[in-house]
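Residue-level structure breakdown
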Amino acid sequence: MATCEQIITDTIQLGGVLVFIKDQGPDFSRELLAPLRTDFENQIPFVVRDLKDLRSGKYKTRAEDLILFFDHQIDFLHIKSESSIESSLGQILQGQRILFSDKQSELAVDHIFPAITVAGWSAILANIKRELVSGVSLYEYANAQEVPCLFLDRDNVVVHNIPYNREASQVELMPGIVELIDQAHKKGYWVALVTNQSGIGRGRISWLEYKDVHQRMMALLAEQKSWIDDCMWSSFIENEAVTEGRLRPSLRKPRSGMFQIIHEKLRTKLSESIMIGDSASDLIAAHSAGVAHLFLLHSEKVSAEIQTLKEYQGKLQKKPQWTQFHFQVLDKLKDFSL
Ligand SMILES: [Mg+2]
């Protein structure tokens, strides 16, 4: 069984934070937080949240977080909501829940450890500090088994490009895409879609229309027993944006955010992965994420895209310490072989 130190160390290494619940009881949390602030100089990320803010949804916890409950907070795990329906705080908190208590109970927590004193807590923190300095990196462990990925742009690669298409009935697969995806799956690759959808951010396509078009594309693939393993889209667009268009600029190609999220989720081996897109920004985004093999699919705008890529290549050549940029032009999807 994992020790409390291991659970906290794993949380930190995988990007979670410790969540302390502020309460009106004995001022235990101040004493618990003091060593985190002083001895650790914020090496252990933590937040303190008011119960009412968590219950109202003002703040949320995430799957990777660890929420700590102490002996005198046991009632928090069973609370009455305004509508007086019995509800457990456990149900509105994402993440693992850990309770330090000697009371036996059927509470919705993942781990129970004996109640601790302030001195006991300091001892736990000292062990965590040692573990963080000398222990193995869980992050590397979690990413040890990496698999290459075929990254695909959507418009002009998976489906024919209809600018700002909002009609599911007009979706048509590109010739050769099913064979290409099947080839990648047979070779053990993941297949992932990374698509800029500024039409949502510009207010020209609604989110529901986008969803319908997306599902039609997936249904057409499914009809041919083909599939895409994961999909990311970015609605961000500079200027003229509706609210959707202001969200998460780092995702929009040529930035590499969508690739990084897929990489985290699917544990992709970027150095053996492939990007196929019809825009310079597809290849530049993939390159900045570390994708090694870059292919520009022929389209009406191919000359302009090649020009942009050559300029980008030229800039990188002046920085020999950076990974250089190479790409190939692909006439048709069916010409591609893994
Ligand atoms: Mg495209």
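Structure report, in brief. Numbers given for residues are sequential positions, taken from 1 along each chain in its written order. Only residues with pLDDT of 70 or above have their local features reported here, since the model is predicted, and side-chain atom pairs are shown and tallied only from 80 upward, although totals for entire chains, interfaces and linings are computed over all residues. To get the side-chain values, all heavy atoms of the structure are used, and hydrogens and water are removed first.

A short note on the coordination of the magnesium ion
- Atoms are scored as donors when they are N, O or S and lie within 2.8 Å of the metal, with 3.2 Å used for Na, K and Ca; no water is included, so coordination may look incomplete. Listed as protein donors to the magnesium ion are D153 (OD), D155 (O) and D278 (OD); their distances from the metal cover 2.0 to 2.3 Å.
- Positions of the donor residues of the magnesium ion along the chain correspond to the pattern D-x1-D-x122-D. Taken as a pair, D155 in the loop between β8 (149-152) and α7 (177-186) and D278 in the loop between β11 (274-277) and α12 (280-289) lie far apart in primary sequence, 123 residues in all. You'll find D155 and D278 in the same group, each marked buried. The way it works is that DSSP assigns letters per residue, a run of H or I at least four long becomes a helix, a run of E at least two long becomes a strand, and they are numbered from the N terminus. A 1.4 Å probe rolled over the protein chains alone gives each residue an accessible area, and that area as a share of the maximum for its type sets the label: buried under 20%, exposed over 50%, partly exposed in between.

Some details on the pattern of salt bridges
- Just to be clear on terms, a salt bridge is a Lys or Arg side-chain nitrogen sitting within 4 Å of an Asp or Glu carboxyl oxygen. Inspection of the entire model under this criterion finds 13 salt bridges.
- Between R62 and E64 there is a salt bridge whose closest N-O contact spans 3.3 Å.
- On the basis of relative accessibility, which here comes to 36%, the residue R62 falls in the partly exposed class.
- Since its relative accessible area comes to 35%, E64 is described here as partly exposed.
- With a shortest N-O distance of 4.0 Å, E305 and K301 are connected by a salt bridge.
- In the salt-bridge network here, residues are joined through shared partners; they are R62, E64 and D65.

Examining the pairing of strand β9 (residues 190-196)
- Of all 7 residues that make up β9, 6 are buried, and the element is covered over most of its length.
- Here a strand pair is declared whenever DSSP counts at least two bridges between the two strands. Alignment of β8 against β9, held across 4 bridges, turns out to be parallel. The residue of β9 that forms the bridge with C149 is W190.
- When the strands point away from the viewer and the connection leading from the first strand across the helix to the second strand turns clockwise, the crossover is called right-handed. Taken together, β8, α7 and β9 constitute a β-α-β crossover, and its handedness is right-handed.
- Bridge analysis of β9 against strand β10 (residues 230-234) gives 5 bridges, and the strand direction is parallel.

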